[in-house]
Amino acid sequence: MRASRFLIATHKETPADAEVISHQLMLRAGLIRKLASGLYNWLPMGLRVLRKVETIVREEMDRSGAQELLMPVVQPAELWNESGRWQEYGGELLRIKDRHERDFCLGPTHEEVITDLIRNELKSYKQLPANFYQIQTKFRDERRPRFGVMRAREFLMKDAYSFHIDQESLDETYRLMHDTYMRIFERLGLDFRPVQADSGSIGGSSSHEFHVLAESGEDDIAFSTQSSYAANIEMAECITPTAPREPANAELKEVRTPDQKTIDEVAKFLALTPQNCLKTLIVEGDLGEAEKPPLIALVLRGDHSLNEIKAEKIDGVASPLRMADEAEIKAVLGASTGSLGPVGLGIRCIVDRSAAQSSNFACGANKDDMHYLNVNWARDEELREIEDLRNIEAGDPSPDGQGEIVIKRGIEVGHIFKLGTKYSEQMNASVLNANGKASIMEMGCYGIGVSRIVASAIEQNNDENGIIWPSAIAPFQIALIPLNMHKSEVVAEQAETLYRTLSDLGIDVFLDDRNERPGFKFADMELIGIPHRIVISDRGLKNGTLEYKGRNDAESQDISVDDALDVIKTKLNRA
RNA sequence: CGGGAUGUAGCGCAGCUUGGUAGCGCACCUGCAUGGGGUGCAGGUGGUCGGAGGUUCAAAUCCUCUCAUCCCGACCA
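Let us look at the structure shown here. What you see is a predicted model, and the numbers here were worked out from it, not measured in a lab. (Residues numbered from 1 in each chain as written. Chains lettered and ligands numbered in written order. Predicted model: local features only at pLDDT ≥ 70, side-chain atom pairs only at ≥ 80, totals over all residues. Heavy atoms only, no water.)

### Describing helix α1 (residues 21-28)
Then comes step 1: Of all eight residues in α1, seven are buried, a share of seventy percent or more.
Then comes step 2: Listing the buried residues of α1 in full gives S22, H23, Q24, L25, M26, L27 and R28.
Then comes step 3: On its buried side, α1 packs onto β1 (32-36), β2 (39-42), α11 (450-460), β24 (462-463), β25 (466-467) and α13 (518-528).
Then comes step 4: Among the residues trailing α1, G30 stands out with phi positive, at a value near 75°. (Buried < 20%, exposed > 50% of the residue type's maximum accessible area, 1.4 Å probe, protein only. Helix = DSSP H or I, 4+ residues; strand = E, 2+ residues; numbered from the N terminus. Contact = heavy atoms within 4.5 Å.)

See the structure below:
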């Protein structure tokens, strides 16, 4: 490609409304332009990268035996009513009407459509297992789109859905997809980790996420220092402390704590550490038959934070989790938040594993402005229910018993689920089994955020001059920069010759034939992040040399014109 | 959806307090020079100041409403 015939939409200045580095660089390098909040145009340079990611994903999916198909973006409401998600899905589902006033939505995902399609097409267990995928635009009406294409409303996703006669077959395909994802992200050249994950509202049992590690990531991932254990913090189990509880050796006391509400205030006032205080959070329970939801107390150590996902999974606790109303708490418990504690509380009380291990601790006395000191389980209050309620923290023991936890930020770029029969049962997707009986299919679901990968690759690979593409997804492999070619015939001739040679070899080569100053061209090519660069100049040609520099190299090197092709092939791993 | 902020040329910004002919840098166009790190000089194109209403002789500037965008949080995966 010639620069003179290609839209190079670079900017020197950083747009004011871009926060993270990948968003800034994608705008500055001229890869994307915003159309509206969460909606982006992909310019020619950006689209080349997107297509490269797409190609790798497609090749590896095909290699795994999955079949590509394509489903519509617009989907009829009937299917979503059938699965129940027309009601369940929140504002993210963009609902629209056609000219006949019939309800449709823009697909945020395609479980309903694929399940409908497959229940009509597959009749026999002999056709299973089968895995179908598409690379298609998704639309989720995010409340707050941000970080450019990282969290856009419209985005490109590879989604795959597998169908099975039994769980064993599903397990097998799940493992195959896990391996396939490992290959994909390795080929993309990203620093990534597979992590155990919560399966969220899509439902189902087992689930892994694939995260690109980056400071700007929106997820916290817990890693073990000594094993391969990695889990989303939402999911990472906090194991019961092994050390025995300290003996109850101090006398229970009630003390006045006027206006001390938060754990920090109370701890400071009582000259204790937050670790020695227990906090009591009141949440709503399931409504059941009652008119008002019952209240449930969750007790944690003062220095720990509640994991809402864990809490709402407990039987009887409302899901999604709702904190109880302040007035309701006062009415039922006779004290305000800030003075609550498990002793004699009189409602269901679920205690975190670590909090259950505390002794001689402080907590609210269930009278305003009063706290207990030296409280001990069993002696002062029965310990009835112990659960894992808190977020894991750096320094905690790893749940697999090996090493300690460290926390890093990650960008979720892939997610694999076992859906089980959640959709197939609801939508009656069955095939005949070996006994000639209808059998509901097991399903799996496997997503990759294609456009998000582009942003995450930049988050991981950039410097003060711009993007540094992993070779596999660079828009062009090599840039030829002739200096003063509009005046020097030898430079022009050499540049054209090399350009033709490399093009004929099928290499993505970019010839910067613009009539611009050298510094201008260097800066542009570095901003865009092309991995390799050849400078062709009068100065070099006089000595029979060209100049090579890798995007990551500190120094350039002279290479003889005669060797140039071999050197380039070697650098591009095409020897 | 709650809290905060911002809308002036393609981009980055000043002007608003104290109302009086809309400015700067970059980019873009023309010419000349220059030709190894966003080059120099000269000349030029481009804005109903987000929108609507109001106050006023006069509104980018003051008032009201509205729309959009961004940040923090919640939500989602």
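### Points about the side chain of D219
Then comes step 1: Along the chain, D219 turns up in strand β11 (residues 219-224).
Then comes step 2: Buried D219, no salt bridge; nearest opposite-charge side chain is R452, N-O distance 5.8 Å.
Then comes step 3: A polar contact is formed between the side chain of D219 and the side chain of N232, at a distance of 3.5 Å.
Then comes step 4: Residues within four places of D219 in sequence aside, it is in contact with H211, N232, K408, R409, G410 and E412. (Lys, Arg positive; Asp, Glu negative; His and termini not counted. Salt bridge = Lys/Arg side-chain N within 4 Å of Asp/Glu carboxyl O. Polar contact = N/O pair within 3.5 Å; in protein donor to acceptor, adjacent residues only side chain to side chain.)

### Notes on the nonpolar core
Then comes step 1: One finds L31, Y181, F185, L188, W469 and F510 to be the most contacted residues of the largest nonpolar core, which totals 65 residues.
Then comes step 2: By size, the runner-up hydrophobic cluster in this structure holds 27 residues, among which are C105, L128, V431 and C445. (Core = buried A, V, L, I, M, F, W, Y, C linked by side-chain atoms within 4.5 Å.)

### Re the environment of A394
Then comes step 1: With respect to the helices and strands, A394 occurs in the loop between β19 (385-387) and β20 (405-420).
Then comes step 2: Looking at A394, the relative accessible area reads 57%, which means it is exposed.
Then comes step 3: The spacing of A394 and I407 is 13 residues in sequence and 5.8 Å in space, taken between C-alpha atoms.
Then comes step 4: In this structure, A394 is in contact with I405 and I407, ignoring residues within four places of it in sequence.

### Examining the packing of aromatic side chains
Then comes step 1: Taken as a whole and assessed by the stated rule, the structure comprises 10 aromatic pairs.
Then comes step 2: A centroid spacing of 5.8 Å and a plane angle of 80° characterise the contact between F6 and F510, whose relative ring orientation is edge-to-face. Of this pair, F6 sits in the segment before α1 while F510 sits in strand β27 (residues 509-511), and the two are 504 residues apart along the sequence.
Then comes step 3: When its relative accessible area of 13% is taken as the criterion, F6 is described as buried.
Then comes step 4: For the pair F361 and W377, a centre-to-centre distance of 5.4 Å together with 45° between the ring planes defines the contact as tilted. (Phe/Tyr/Trp six-rings, centres within 6.5 Å; stacked < 30°, edge-to-face > 60°.)

### Considerations on unusual backbone geometry
Then comes step 1: Cis geometry is adopted by the peptide bond preceding P129, which originates at L128 and carries an omega value of -5°.
Then comes step 2: Of note, P129 is situated in the loop between α5 (111-121) and β7 (130-139).
Then comes step 3: In this model, D259 sits at a positive phi of 60°, which is unusual for a non-glycine residue.
Then comes step 4: On the secondary structure map, D259 appears in the loop between β13 (253-256) and α7 (263-269).
Then comes step 5: Judged by its relative accessible area of 59%, D259 falls in the exposed class.

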